[in-house]
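# Per-entry structural report
Now for the letters of each chain:
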Amino acid sequence: MKTFEPSAPKAAQRGGMLCLSLSMVLASLGTSIANIALPTLAVAFDVSFQWVQWVVIAYLVSITLFVVIAGRLGDVFGRQRMLAVGLVLFALASTLCGLASSLWMLVAARALQGIGAAFMMTLAIALVRETVETERVGRAMGWLGTMSAIGTALGPSLGGVLIGWVGWHAIFLVLVPVGLLAAGLALRLLPAVAPIGTTPRLNLSALGENGVVAGLTANFLVANVMMATLVVGPFYLAVALGLQEAIVGLVMSVGPVLSICTGVPSGRLVDSWGGQRVLTLGLGTLAAGALSLSVLPATFGVAGYIAAIAIMTPGYQMFQSANNVMVMAGVSADQRGAVSGLLGLSRNIGLISGASVMGAVFSAGVGSTAIEEAAEAAIVDGLRITFMLGGLSILIALWFTRRLASVHV
């Protein structure tokens, strides 16, 4: 099995980054490509939307439950080996999804697929420092953020084409060869660091001293606010402004497109400016964007909404690149997998909180649970309250990340 250090030939490093990139694309594609198929699956299995939603929920729950476990197994048994296991498991589960003959067979296969995705997302981040030189870690992290955004953005269009041409089975089966290719690349090109074997459990006090807990808390708060844009945005655009569904989808795509464009530049900033400066700039930009989202749409409508999202998204990418790099720099090599899992866990919990808690704040601000029947002014009020709270959350995150100032990239 081939082993190399980050100083290995550029071709080997590029091959390793290709494997990590495919892992991130597949994991995010696994969510977004299934969303577009829900109406088709409801008809195919003759079930209500309430039940077919489990096709998405099972995947997300598995990721949330297994990200920390996946990271720890990577530390104990070898991150390269466990990433390959996750990719093979993802490919196997994708095959089972494509062959499912009932809804509950599909849901079970999706849960298994989510376990594989947990390994892929967690260990891809953990392996960056072993794959590229130290001075390129920031841009590598930014690149993986871009790959995740590409997977999210590609899912609806690719899924729609495959369903129309071949049928819903194809949206899962198309993932199989790519997963197996990435597994082969992992075994051949990623650094095969010797497993550390059984080690003591995570020292939480040590993580606090290194600023890791602060970074995880900030990750939760930021994910909470970003999810709110996905939950609240469609109601504002469709109900308050009365935009057609196609236009709503176009406006909502602004964020993912900007994420794709700003991921790598954000990572380059981390490499050249240092993590703490970019982290502060990113959170400051995020706070400005959240506060803009509470004010601009009321005056400028859809243009104000787009402008606020255009401020928030680069701020989010700067935060993600800097926070990931600095958190991972603050832990020892034998705990990188577990801490990468904790990063994923804090993000997922933040997404769940954004959908539930921030959604409830929006509903309270509107003054009605029947938001689709509310007046435009009431929805604007709900938007304002939600993102004023969001801006405050980002400022709290900025306070927490001061603990990371002593960690040097």
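Above this text sits the structure in question.
Below or above, wherever it landed, is the structure these notes cover. Predicted model, so just to flag it, every value in this text is computed and none were measured.

With that out of the way, let us pick up the overall build of the protein. The helix and strand tally for the protein stands at 18 helices and zero strands. Looking at the protein alone, contacts between residues at least 24 apart form 84% of all its contacts between residues at least 6 apart.

Here the focus is the packing of helix H5 (residues 79–99) against helix H6 (residues 103–126). The N-to-C vectors of H5 and H6 enclose an angle of 155 degrees; their axes lie 8 Å apart at closest approach. Comparing their axes, H6 and H5 come out roughly antiparallel. Crossing handedness for the pair H5 and H6: left-handed. Residues Arg79, Met82, Leu83, Gly86, Leu87, Leu89, Phe90, Ala93, Ser94, Leu96 and Cys97 of H5 lie in contact with H6, whose contacting residues are Leu106, Ala109, Arg110, Leu112, Gln113, Ile115, Gly116, Ala117, Phe119, Met120, Leu123 and Ala126. Split into classes, the residues belonging to the contact of H5 with H6 amount to 17 nonpolar, four polar and two charged.

Relative to the 42 Å expected for 29 residues at 1.5 Å per residue, helix H8 (residues 137–165) spans 41 Å between its end C-alpha atoms, a close match to the ideal helical length. Largest kink in H8: about 40 degrees, centred on Leu154, with the proline Pro156 one to four residues after it. Where H8 ends, the next residue or the one after it, Gly167, has phi of about 125 degrees, a positive value.

The first and last C-alpha atoms of H6 sit 35 Å apart over 24 residues, in line with the 34 Å expected at 1.5 Å per residue. In terms of residue burial, H6 counts as a mostly covered element, since 18 of its 24 residues are buried.

What follows deals with the pattern of salt bridges. This structure, assessed with the given rule, holds four salt bridges. Among the salt bridges present, the one from Arg79 reaches Asp75, with a minimum N-O distance of 2.5 Å. Its relative accessible area of 8% is what places Arg79 among the buried residues.

Rules used in this analysis
Residues numbered from 1 in each chain as written. Predicted model: local features only at pLDDT ≥ 70, side-chain atom pairs only at ≥ 80, totals over all residues. Heavy atoms only, no water. Helix = DSSP H or I, 4+ residues; strand = E, 2+ residues; numbered from the N terminus. Contact = heavy atoms within 4.5 Å. Axes fitted to C-alpha atoms, helices over the stretch in contact; angles between N-to-C directions. Parallel < 35°, antiparallel > 145°, perpendicular 65-115°, else oblique. Left-handed = near helix turned anticlockwise from the far one by under 90°. Nonpolar A, V, L, I, M, F, W, Y, C, P; charged D, E, K, R; others polar. Expected span 1.5 Å × (residues − 1). Bend = angle between axes of the 7 residues up to and from the residue. Buried < 20%, exposed > 50% of the residue type's maximum accessible area, 1.4 Å probe, protein only. Salt bridge = Lys/Arg side-chain N within 4 Å of Asp/Glu carboxyl O.

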